[in-house]
Amino acid sequence: MSLHDDANLVLKAYERGGEQGELRTAYLDHLAAHPDGMWKACEAGHITASALVVDPSRGRVLLTLHKKLRMWLQMGGHCEPGDATLAAAALREATEESGIEGLTLLPGGPVKLDRHPIPAPCNWHLDVQYAALAPEGAVEAVSDESLDVRWFAYDEVADVADESVVQLLEATRAAL
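In this text, all values refer to a predicted model and were calculated from it rather than measured experimentally.

Trainee: How should I be thinking about the overall build of the protein in this particular structure?
Mentor: Helix and strand counts for the protein come out as five helices and eight strands. Going from N to C terminus, the protein has its helices and strands arranged as α-α-β-β-β-β-α-β-β-β-β-α-α. Here the C-alpha atoms of the protein give a radius of gyration of 15 Å, agreeing with the 16 Å that 2.2 N^0.38 yields for 176 residues. Along the longest, intermediate and shortest principal axes, the C-alpha atoms of the protein span 45 × 30 × 30 Å. The 176 residues of the protein split such that 48% are buried. Sequence-distant contacts in the protein: of pairs separated by 6 or more residues, those separated by 24 or more amount to 65%. Accessible surface, the protein as shown: approximately 8,600 Å² in total, 52% of it carbon and sulfur. Here the protein holds 14 positive side-chain charges and 28 negative ones, and the gap between their average locations is 1 Å.

Trainee: In this structure, what is going on with helix α3 (residues 86–98)? I would like to understand it.
Mentor: Each turn of an α-helix holds 3.6 residues, which means side chains three or four residues apart point in the same direction. With 13 residues, α3 should cover 18 Å at 1.5 Å per step; its first-to-last C-alpha distance of 18 Å lies within 8% of that length. Of the surrounding secondary structure, the elements contacted by the buried residues of α3 are α1 (3–13), β1 (46–55), β2 (60–66), β4 (75–78), β7 (124–133) and β8 (146–153). G99 occupies a position one or two residues after α3 and carries a positive phi of about 80°.

Trainee: Mind showing me how you'd approach the pattern of salt bridges here?
Mentor: For side chains of opposite charge, pairing can occur when their charged atoms come near one another. As enumerated under the stated definition, the model contains seven salt bridges in all. Between D55 and R60 there is a salt bridge, and its shortest N-O distance comes to 3.0 Å. Here D83 ties to R92 by a salt bridge, and the two come within 2.8 Å at their closest N and O atoms. On the basis of relative accessible area, R92 is assigned to the buried category, the value being 15%. Beyond isolated ion pairs, a larger network of salt bridges with shared partners links E80, D83, R92, E93 and E96.

Trainee: Sorry if this is basic, but what is going on with the nonpolar core here?
Mentor: In summary, soluble globular proteins display a tendency toward joint burial of nonpolar side chains. Counting 32 residues, the largest nonpolar core has Y27, M38, I47, V53, L86 and V128 as its most contacted members. Every element with two or more residues in this core is listed here: α1, α2 (18–33), β1, α3, β7 and β8. Apart from the residues lying within four places of it in its own chain, the contact partners of I47 are Y27, L31, G37, M38, C79, L86, L126 and V128.

Trainee: I would appreciate a short explanation of the environment of F152 in the present structure.
Mentor: Counting through the fold element by element, F152 comes out in strand β8. Using a relative accessible area of 6% as the deciding quantity, one classes F152 as buried. The sequence separation of F152 and P107 amounts to 45 residues, and the corresponding C-alpha distance is 23 Å. When sequence neighbours within four positions are dropped, the list of residues in contact with F152 reads G59, R60, V61, L63, W72, V157 and V160.

Trainee: What am I meant to see in the state of the cysteines here?
Mentor: Among covalent bonds in proteins, the disulfide is the one between the sulfur atoms of two cysteines. Applying the stated criterion across every chain yields a total of zero disulfides. The structure places no disulfide on C79, whose sulfur is separated from the nearest cysteine sulfur, that of C42, by 12 Å.

Here is what the cut-offs are and how they apply
Within each chain, residue numbers correspond to sequence positions counted from 1 in written order. Totals for whole chains, interfaces and linings use every residue, but because this is a predicted model, local features are given only for residues with pLDDT of at least 70 and side-chain atom pairs only at 80 or more, for both listing and counting. Only hydrogens and water are set aside when side-chain values are computed; all heavy atoms of the structure are taken into account. A helix here means a DSSP run of H or I that spans at least four residues, while a strand means a run of E at least two residues long, and both kinds are numbered starting from the N terminus. Our radius of gyration looks at C-alpha atoms and nothing else; its globule reference is 2.2 Å times the residue count to the power 0.38. Here's how the labels work: a residue is buried when its accessible area is under 20% of the maximum for its type, exposed when over 50%, partly exposed in between, all with a 1.4 Å probe on protein chains only. Whether two residues are in contact is decided by their heavy atoms: any pair within 4.5 Å suffices. Accessible areas in this description were obtained via Shrake-Rupley with a 1.4 Å probe; residue shielding takes into account the shown protein chains only. When charges are counted, neither His nor the chain ends are considered; positive counts come from Lys and Arg and negative counts from Asp and Glu. For the purpose of locating charges, the reference atoms are NZ of Lys, CZ of Arg, CG of Asp and CD of Glu. Given a helix with a known number of residues, its expected span is that number minus one, times 1.5 Å. Only one rule defines a salt bridge in this text: a Lys or Arg side-chain nitrogen within 4 Å of an Asp or Glu carboxyl oxygen. Remark: nonpolar core denotes a set of buried residues (Ala, Val, Leu, Ile, Met, Phe, Trp, Tyr, Cys) joined through side-chain atoms within 4.5 Å. Here, a disulfide means two cysteine sulfur atoms that sit within 2.5 Å of each other.

Structural data, given as structure tokens:
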């Protein structure tokens, strides 16, 4: 099965109402119209995969200070040819950017979808967002893509991150 096929299956199984349902439909329409819609080269936009790294036992999340955007964000990025599934892409990105081995995705698939504009030549990131559980005693490390990585208590996230990260945290806590 191709990554494109997996994304279709994941999105078809993602049943949410309201804005999330509308995004789901837009993502599926995008994939139907763009056979290359999983890849950065697709100028109409492309599917990305991310994961919010959480430590529920300590009520905290790990965020990365993105090198280019200089914003505190969840771990994530572009799908790569070696990614067999969207979930695998999200887990790979979370592991690479956090430095934490042994992360596991929260069962049940993505917790949220988020579409955001990006600079030309591409137009959109259609992000499929998961939650990744940190193992006991997890030790983070700064990657080449980050200026910093830091744990934040749930109630600190709104003070450092934008609304999309706050909403992702809310969706993750609801899934927990």
